[in-house]
Amino acid sequence: MRFLLAASVAASVLTVASMGQAQQRRTRFDTPAYGTEWSTTPQYHPSSENFTLEIRVGTYQPDLGASVAAFNGDLGPMVGAELDVHAVRIPYFGVFAIGGAFGWAEWSGPATAVGSTAQVGNTGLSLLLMSVVAALRIDALAHYVNIPLILTPKIGIDGGYWQTGGAGGAAVSGFTVGLHWGAQIALELDFLDPRAAHRLDNAWGINHSELFIEIYGADIGPFSNHMLPLGTPITWCAGLGFTF
Amino acid sequence: MEHTLLTTPPMHRSRACSVFAFLAALALPSTAFALSPTVGAFGTGNHSAGNSNLVMTPIGASECSVAIPLTFSGLTASTTMRYVDIWWASSASAGCQTNTTRSSTTSPVCHYVTSVAYTTGPNVTLTTLTASTLFGGCTTDQRTFYFFDTTTMMENSMTYTSYWTLDVAVDATVPSAPQITGTPAGDTQLQIVWNATSFTDLGVSGRVNVYAGGTGCGGSTGDGGGADAGTTTGTLVAGGMAPSTPLATLSAASPAVLQTSLLGWAAGSYGETQSIAIAVVDTAGNVSPLSNVVCATHVQVTGFWEQYCAEHGMTLAQCTHNYSSCSVGVPGRRTDLGAVGVGAIALGLLFARRKIVRRR
């Protein structure tokens, strides 16, 4: 009887222990089994990718005709950010995303007295851009062919609030709306140190980080003769992107 | 010059006192001195360096003879004659509260200043002290003054556990005259370019005062005239004493931007002239001599907006009305194409969304 009792206790302990081990195996990362010389490599399970955030800076000179010469070739810069929401993943191709972006630029130059070249202060124009963007992130090369490049064509609508003024001149502000296009090529940085990229995902949920350059243009202000044409035929920006 | 925090010239006292009371309540723990309007009180708190060392903003040369009202609350309530003993040292860490430090005759660090008698405690305001009294003159210096409640003058045989300290600096150095570069011209603003970088003691509270002389300058005589600009015959004298009332007080940065409405210039009327000069005011309130006198001119200014409007064949008023916020216009030919494009994108987004919803 005692033997049976001892056997049943031992069996219970073993069962509980094996359940504990099984539970341990079910954790996200298998840990080395204590008491053995074997260990397992932690398995990486990427978190889901839902967003892309881009922080950017680049040149921007509005296509305002000859009067833009007042800014002496000032190229801004345009600084901004964009957040894209991954709407639909197209298998073995990429992601269709919709996002919002904003940018800010300011141009300044000398204000002069009429009929003179004497500078009496500065004249300036600032632009705050807000955009809605549709983007197709073609990441198949990076994910299936091991070429760490992502190509992203974009199209969107820009809304801008502008202000101009300066030394003694008129101070005017207004809104303007237009279309926007862009073509981006991004270098996914995971290949530099894949384990670091995985750690970044584990710790922060950032799946990929990218360096990108984007060629873009904007046709802002064509919808009304009362809107200031603050678009630019073509320009560029560069920055850092994070997919998370 | 308005002193902040602790002591003020009488004319600003009530306003500054309320500010001080508020700041003191924020800055000091409740167990420290019960601070009343100006310096502090002996009370029951023990002084320790740092928690009740009070600091005054620098005193300028013109304020050396202005009384510094110091109010003490918590002096000993006594009907017999008592004294507020005043000593000074070069720093707050000198330790003048100890008798050995005060009584040392070899290389003394604590110096006796004076004693002010009082008979009715506990709240006493000393109104006879000036920077000249405390410093024995009006030369640039910085001292920490110790205040002790005592029964005998020049007491140096006992160590105090309760006392006040007050850091005061006298800045008797008047800034040099600034120099305006060029002749300011503008429409609604004048940008006065001056040698701000040559001044090192303007700090954050330094200012530049702008003074206006006569109108119609620019000729060969008078204010801002040709070779004799700012001569003794003008209202403004280059290098002379600044008038008592400035036209405007601006931050001590170059260019100083003056609104021309202060000169009485009406919008749209150009060609008016006005002689102007500036003086800098340092952190202690010392006002420099006047700068050179220049002739400012009311001119029409052209900048980006004026050029853009002219390029598009519009007057400034028409152009501003046309492009400024909330104006609505009839779409042109180019507009129609753009509107179609925007509409197509909007429709596309709608269809895409519909598809996504259906898939779910």
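In what follows, the structure referred to is the one given above.
Right, let's talk about empty space enclosed by the protein for a bit. Residues and elements named next belong to chain A. Scanning all chains against the criterion turns up four cavities of 30 Å³ or more. Put simply, the largest cavity is a space of about 140 Å³. In terms of lining residues, the largest cavity is bounded by 16 residues, among which Arg56, Met78, Phe102, Gly103 and Tyr216 are the most central. If one sorts the elements of the lining of the largest cavity by residue count, strand β2 (residues 78-90) sits on top with four residues. Looking at the lining of the largest cavity residue by residue, the class counts come to eight nonpolar, five polar and three charged.

Before going further, it helps to examine a nonpolar patch on the surface. Residue and element names in this part refer to chain A. A surface patch of nonpolar side chains, about 610 Å² in accessible area, is lined by Leu151, Trp181, Ile185, Ile213, Ile215, Ile234 and Trp236. Only β6 (172-188), β7 (208-220) and β8 (232-243) provide two or more residues apiece to the nonpolar patch. Here Leu151 is to be found in strand β5 (residues 149-166).

Once that is clear, we can look at the sheet that holds strand β12 (residues 207-215) of chain B. All names here are of chain B. One open sheet accounts for five strands, arranged β10-β16-β15-β12-β13; its pairing is mixed. Because the sheet does not close on itself, it has two edges, and the strands there are β10 (185-186) and β13 (248-251). Relative to β13, β12 is paired through four bridges, and the arrangement is antiparallel. For Asn209, the partnering residue across the bridge sits in β13 and is Thr249.

Looking now at the pattern of salt bridges. Residues and elements named next belong to chain A. In total, this model carries 11 salt bridges over all chains according to the counting rule given. Here Glu214 makes a salt bridge to Arg56, at a shortest N to O gap of 3.4 Å. Here Glu214, found in strand β7, pairs with Arg56, found in strand β1 (residues 51-58); they are 158 residues apart in sequence, far enough to count as distant. What makes Glu214 buried here is its relative accessible area of 0%. Lys154 serves as the salt-bridge partner of Glu214, at 3.0 Å between the closest nitrogen and oxygen. One end of the pair, Glu214, is in strand β7; the other, Lys154, is in strand β5, and 60 residues separate them in sequence.

Definitions and cut-offs
- Residues numbered from 1 in each chain as written.
- Chains lettered and ligands numbered in written order.
- Predicted model: local features only at pLDDT ≥ 70, side-chain atom pairs only at ≥ 80, totals over all residues.
- Heavy atoms only, no water.
- 1 Å grid on protein atoms, 1.4 Å probe; cavity = no way out; pocket = protein on both sides within 12 Å on 5 of 7 lines; lining within 4 Å.
- Points joined across faces, edges and corners; volume = space filled by probe spheres on them.
- Helix = DSSP H or I, 4+ residues; strand = E, 2+ residues; numbered from the N terminus.
- Nonpolar A, V, L, I, M, F, W, Y, C, P; charged D, E, K, R; others polar.
- Patch = residues over 30% accessible without salt bridge, like charges linked within 9 Å, V, L, I, M, F, W, Y side chains within 5 Å.
- Areas by Shrake-Rupley, 256 points an atom, 1.4 Å probe, with all protein chains shown as cover.
- Salt bridge = Lys/Arg side-chain N within 4 Å of Asp/Glu carboxyl O.
- Pairing = 2+ DSSP bridges.
- Buried < 20%, exposed > 50% of the residue type's maximum accessible area, 1.4 Å probe, protein only.

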